[in-house]
Amino acid sequence: MDAAYSRLAIPASASKPFTDYTRWRLLVSEGGRHTWKYLKTDEECAKWPQTSEDKFWLGMALNHEALAPAKDPLTAARNGYTFYKTLQSHDGHWSGEYGGPMFLLPGLVIGSYVSGMDFKLEERQEMIRYLMNRANPEDGGWGIHVEGHSTVFGTGLNYAALRLLGMDADHPVCTKARATLHKLGGATGIPAWGKFWLSLLNVYDWEGLWPFPPSFQLLPDWVPFHPHKWWIQTRTVYTPMSYLYGVRFTMPENDLILALREELYPENYYSINWPAQRNHVSKADLYAPHSAIFDMANLVLGAYEHCVLPPLRKAAVARAYQLIVFEDENTGYQTLAPVSKMFNLVARVYAEGPESEAFRLHKEKRDDFMWMGGEGMMMCGTNGSQLWDIAFIMQALVETGLAELPENRDSVIKALEWLEDGQILDNPKHYKTSYRHATKGAWGFSTKEQGYTVSDCTAEGLKAVLYLQKDLSFTPKLVSDRRIFDAVDLLLTLQNSNGGFASYEPIRGPRWLELLNPAEVFGNIMIEYCYPECTTSVITALSILRQHYKDYRAADIARTIQGAIGYLHECQQPEGGWIGSWGICFTYATQFALESLSLVGETYETSDSARRACEFLIGKQRADGGWGESYKSCEVGKWIEHADTQVVQTCWAVMALIYAGYPHAEPLERGVALVMSRQLPDGSWPQEAIEGIFNKNCAIAYPNFKFSFPIWMLGKAHIYLNDLGKKKDGFKL
């Protein structure tokens, strides 16, 4: 352990790489797995040359030749794809980071450290560099995500991670971060997930946490607060947490842990009244305060912890561990997401040891979450966004006509092959026994191996396959009718009683379960919720499906679409837009909504709902022709302007207006001109700001969006503006 996490000599500045970037390679393997490898010798580098894909994600110069300047939107879109297809992986999909949250990398480091799982030296160096580059330039702390203010959650965990990775306490970065942490009150005020990680590390006392009892796993399934009724993201995290709490896992003391006990707190660690810290959360962190009911329940659970019967605790711990194993085996040891991944990893190593098969498999799949970028190595929010990215760019190519161009056909066929291979063909290994929803026919957010149904990903994957197999003249029919129908059958099981669609499964628990939310930094996480984006994706997929398969479950599909449209009308905001929960925010959700409304005949001309949405967007257009919305819109539920105009959000807004049949060309032309003006000579667009969101207050990056949506919007705008007849010779910049 000492050698694996030895002290490192770290430069004061992270502006230059700590490793030789010419030696990094992205290995794309079975099913779209992404793992970064560092080559040690010149011979290895010669045998495995860097690709444009490698260099792009490492932030290295590609030196592509400048393309002929675009004089119209379609040429700009064509130039965009000329560049973008150079980043396509050999198996047909597009790789990419899925970063943004700043509480993930500390979990990776702490979980690995307490489990005795090492990192390569180069990985440690670049993780340190990433944290240095992402520190708040003003106070040296870290927030919950890359655009957030400094918090105890972000600063406390990332400080600990830097120290574990090998940075000395007197390094200027640690000195500055430690001062900010102490100014915020120290780590006693870290939120619940932070308290838990620090307790595993043995630098926070278990008595400072409210209970995470595994006994809930023994409740009868019909109990309304049984964990299987919680949102899947919450219950997959809670299950290993309850196991580790039940066994009171604690890292043995060593010199570094003793040092961290001194560094994380302005007061003497051994004088802290730990039970008094259970409800202590820094004001800088608190987003979702405890309810009075939650606090009362914790008093009861706290008393229960002092008198729990050993046989009952043993049975509860065993049941929690069984569910952990089921989750690992259902997902090829990927698990649903990185937080549950690392908690599961710690639990499996504690139970089975470092020589076990579980240790080997968890270490192997841990690499899938580690992403190298221009600023260093991060931990991603999943093992990738493979399906999500390929589905959108393929739809873009078909809707714009670019897919039919001879130079793009090989690229399109490779993408279809990946989509065919990426569909989940069976239900999980532990289906009913792990409380999973069906997966047969689904596409997940990332890979087939990860193995989770997501409603909008299944819908967008289905839509892409239908476009590629039904609307193009040259593609093979790789996905059979039966498999297409499997996807439809699955989508029809996901609708809720109000007509809307949630993310992973139908809503299982009552709304009052939110009163038991323990997270403090996330709101609305205890149960599933319906989302406009998920609902609209299903509407569009089913609407396109019935254009080609008019007789397949026609009545069920019609009823489902009718219910979903009803939900969409109900959740439209009075100002005219829709609130997004997975992208930022009104521009994102409104684009999806107007696409789906158009497919059932609701446009600017025919629908008050569509007209109000268009006028809402027009009212947000800026003087430069674009749109720019902050992630804070998701936090507060109303439009908050970003400091800068954003290309991706401008594309969403213009596409929304096009879908709705907005009759006035001038606002569209101005949006198109803005996006074209920001295109680089090689056909690409620069990264401007974060595009995605998680749980309404944690920003997440979708860097591939800066290609798929500009290409999509520009191609559609070219067609639409010509059809409007406003320009006799077509739109010209």
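Residues numbered from 1 in each chain as written. Predicted model: local features only at pLDDT ≥ 70, side-chain atom pairs only at ≥ 80, totals over all residues. Heavy atoms only, no water.

**Examining the side chain of arginine 483**
Relative to the elements of secondary structure, arginine 483 occurs in helix H18 (residues 481-492). In contact with arginine 483, not counting residues within four places along its chain, are Glu420, Gln423, Leu425 and Leu478. (Helix = DSSP H or I, 4+ residues; strand = E, 2+ residues; numbered from the N terminus. Contact = heavy atoms within 4.5 Å.)

**Digging into the pattern of salt bridges**
Under the counting rule described, the total for this entry stands at 39 salt bridges. We note a salt bridge from glutamate 399 to lysine 716, for which the minimum N-O separation is 3.0 Å. Remark: lysine 716 occurs in helix H26 (residues 705-724) and glutamate 399 occurs in helix H15 (residues 386-400); sequence separation between them is 317 residues. Across this residue pair, the class does not change: glutamate 399 and lysine 716 are buried. Each of Glu30, Arg33, Glu357, Arg360, Glu364 and Asp368 takes part in salt bridges that share partners, so that together they form one network. (Salt bridge = Lys/Arg side-chain N within 4 Å of Asp/Glu carboxyl O. Buried < 20%, exposed > 50% of the residue type's maximum accessible area, 1.4 Å probe, protein only.)

**Considerations on the nonpolar core**
In this structure, Phe196 and Met394 are the most contacted members of the largest nonpolar core, which totals 241 residues. Per element, the largest residue contribution to this core is eleven residues, and it comes from helix H24 (residues 647-659). For methionine 394, the contacting residues outside a window of four places in its chain are Tyr81, Trp94, Val412, Ala415, Ala464 and Leu468. (Core = buried A, V, L, I, M, F, W, Y, C linked by side-chain atoms within 4.5 Å.)

**Quick look at the UniProt feature "domain: Squalene cyclase N-terminal" (unreviewed entry) in the chain**
Per the UniProt record, "domain: Squalene cyclase N-terminal" (unreviewed entry) is found at residues 86-351. Between the end C-alpha atoms of residues 86-351 the distance is 45 Å, and the span holds 50% helix and 0% strand. (UniProt positions renumbered as here; feature names shortened; annotations may be inferred.)

**Focus: the packing of aromatic side chains**
Inspection of every chain in the model, using the stated rule, returns 58 aromatic pairs. Aromatic side chains tryptophan 24 and tyrosine 38 sit 4.9 Å apart centroid to centroid with 65 degrees between the ring planes, which places their arrangement in the edge-to-face category. Of this pair, tryptophan 24 sits in strand E1 (residues 24-29) while tyrosine 38 sits in strand E2 (residues 33-38); the two residues are 14 residues apart in sequence, bridging distant segments of the chain. For the pair tryptophan 24 and tyrosine 38, a shared accessibility class is recorded, and that class is buried. Between phenylalanine 392 and tryptophan 712, the aromatic rings sit 6.1 Å apart at their centres with planes inclined by 45 degrees, giving tilted as the arrangement. Pair noted here: phenylalanine 392 is in helix H15 and tryptophan 712 is in helix H26, with a separation of 320 residues, a long-range link. Accessibility classification places phenylalanine 392 together with tryptophan 712 in one group, the buried group. (Phe/Tyr/Trp six-rings, centres within 6.5 Å; stacked < 30°, edge-to-face > 60°.)

**A few points about the packing of helix H6 (residues 152-165) against helix H10 (residues 255-263)**
Two numbers describe how H6 lies on H10: the axes approach to 11 Å, and their chain directions differ by 150 degrees. It follows from the interaxial angle that H6 and H10 lie roughly antiparallel. Handedness of the H6/H10 crossing: right-handed. Contact residues: Tyr159, Ala160, Arg163 and Leu164 in H6; Leu256, Ala259, Leu260 and Glu263 in H10. Taken together, the residues of the contact of H6 with H10 sort by class into six nonpolar, no polar and two charged. (Axes fitted to C-alpha atoms, helices over the stretch in contact; angles between N-to-C directions. Parallel < 35°, antiparallel > 145°, perpendicular 65-115°, else oblique. Left-handed = near helix turned anticlockwise from the far one by under 90°. Nonpolar A, V, L, I, M, F, W, Y, C, P; charged D, E, K, R; others polar.)

**Some points on the packing of helix H17 (residues 455-470) against helix H19 (residues 532-548)**
Contact geometry of H17 with H19 gives a least axis separation of 8 Å together with a crossing angle of 30 degrees. Judged by the angle between their axes, H17 and H19 are roughly parallel. Along this stretch, H17 crosses H19, giving a crossing that reads as left-handed. Here Ser455, Asp456, Ala459, Glu460, Leu462, Lys463, Leu466, Tyr467 and Lys470 of H17 lie close against H19, whose contacting residues are Glu533, Cys534, Ser537, Val538, Thr540, Ala541, Ile544, Leu545 and His548. Across the contact of H17 with H19, the residue classes tally to nine nonpolar, four polar and five charged.

**A word on the environment of aspartate 410**
Here aspartate 410 is to be found in helix H16 (residues 409-422). Measuring from C-alpha to C-alpha, the distance between aspartate 410 and phenylalanine 474 comes to 10.0 Å, with 64 residues separating the pair along the chain.

**Remarks on unusual backbone geometry**
Phi is positive for tyrosine 435, close to 65 degrees, though the residue is something other than glycine. Checked against the element boundaries, tyrosine 435 lands in the loop between H16 and H17. One non-glycine residue with positive phi stands out, namely arginine 553, at about 45 degrees. By the secondary structure assignment, arginine 553 is in the loop between H19 and helix H20 (554-571). Note on arginine 553: relative accessible area 32%, which makes it partly exposed.

**Observations concerning H15**
In an α-helix, one turn spans 3.6 residues, which is why side chains three or four residues apart end up on the same side. The terminal C-alpha atoms of H15 lie 22 Å apart, and with 15 residues this matches the ideal 21 Å at 1.5 Å per residue to within 8%. A positive phi of about 85 degrees marks glycine 401, the residue just after H15. (Expected span 1.5 Å × (residues − 1).)

**Some points on a nonpolar patch on the surface**
On the surface, Ile293, Met296, Trp512 and Leu515 cluster together into a nonpolar patch covering about 390 Å² of accessible area. Within the secondary structure, leucine 515 sits in the loop between H18 and H19. For leucine 515, a relative accessible area of 36% gives the class partly exposed. (Patch = residues over 30% accessible without salt bridge, like charges linked within 9 Å, V, L, I, M, F, W, Y side chains within 5 Å. Areas by Shrake-Rupley, 256 points an atom, 1.4 Å probe, with all protein chains shown as cover.)

**Remarks on the pairing of strand E4 (residues 376-379)**
Strand direction decides the pairing type here: strand E3 (residues 370-373) and E4, joined by four bridges, are antiparallel. Within E4, the residue paired with glycine 373 across the bridge is glycine 376. Here E3 folds back onto E4 in antiparallel fashion, the turn holding two residues. (Pairing = 2+ DSSP bridges.)

**Details of helix H7 (residues 172-183)**
Between the first and last C-alpha of H7 there are 17 Å, a value that for twelve residues agrees with the 16 Å anticipated at 1.5 Å per step. Taken residue by residue, H7 has Val173, Cys174, Ala177, Arg178, Thr180 and Leu181 as its buried positions. Angularly, the buried residues of H7 cover 160 degrees about the axis, an arc narrow enough to put them on a single face. Exposed residues on H7 whose side chains face more than 90 degrees from its buried face are Pro172 and Lys183. On the buried face of H7, the contacting elements are helix H5 (121-133), H6 and H10. Following H7 by one or two positions, glycine 185 has its phi on the positive side, about 110 degrees. (Arc of directions from axis to C-beta.)

**Here's the deal with the environment of methionine 377**
Mapped onto the fold, methionine 377 is located in strand E4. Its relative accessible area of 1% is what places methionine 377 among the buried residues. Distance from methionine 377 to aspartate 456, taken between C-alpha atoms, is 29 Å for residues 79 residues apart in sequence. Apart from the residues within four sequence positions on either side, methionine 377 is in contact with Trp24, Leu105, Glu123, Glu126, Met127, Tyr130, Met370, Trp371 and Met372.

**A closer look at the state of the cysteines**
A covalent bond between the sulfur atoms of two cysteines is referred to as a disulfide. Scanning the model with the defined rule gives zero disulfides in all. Looking at the unpaired cysteine 530, the closest cysteine sulfur is the one in cysteine 571, lying at 8.8 Å. Cysteine 530 sits in the buried class, given a relative accessible area of 13%. (Disulfide = S-S within 2.5 Å.)

**A short note on the side chain of arginine 124**
Structurally, arginine 124 can be placed in helix H5. Of the side chains with opposite charge, glutamate 123 lies nearest to the buried arginine 124, which makes no salt bridge, at 8.6 Å. One polar contact links the side chain of arginine 124 to the main-chain carbonyl oxygen of leucine 165, over a distance of 2.8 Å. Sequence-distant contacts of arginine 124, that is, excluding residues within four places in its chain, are made with Ala3, Ala4, Tyr5, Ser6, Leu8, Phe119, Leu165 and Gly166. (Lys, Arg positive; Asp, Glu negative; His and termini not counted. Polar contact = N/O pair within 3.5 Å; in protein donor to acceptor, adjacent residues only side chain to side chain.)

**Notes on the environment of threonine 447**
Tracing the chain through its elements places threonine 447 in the loop between H16 and H17. Taking the C-alpha atoms as reference, threonine 447 lies 8.9 Å from isoleucine 424; in sequence the two are 23 residues apart. Beyond its immediate sequence surroundings of up to four residues, threonine 447 is in contact with Gly31, Gly32, Asn383 and Gln386. In terms of polar contacts, threonine 447 uses its side chain to reach the side chain of asparagine 383, at 3.1 Å.

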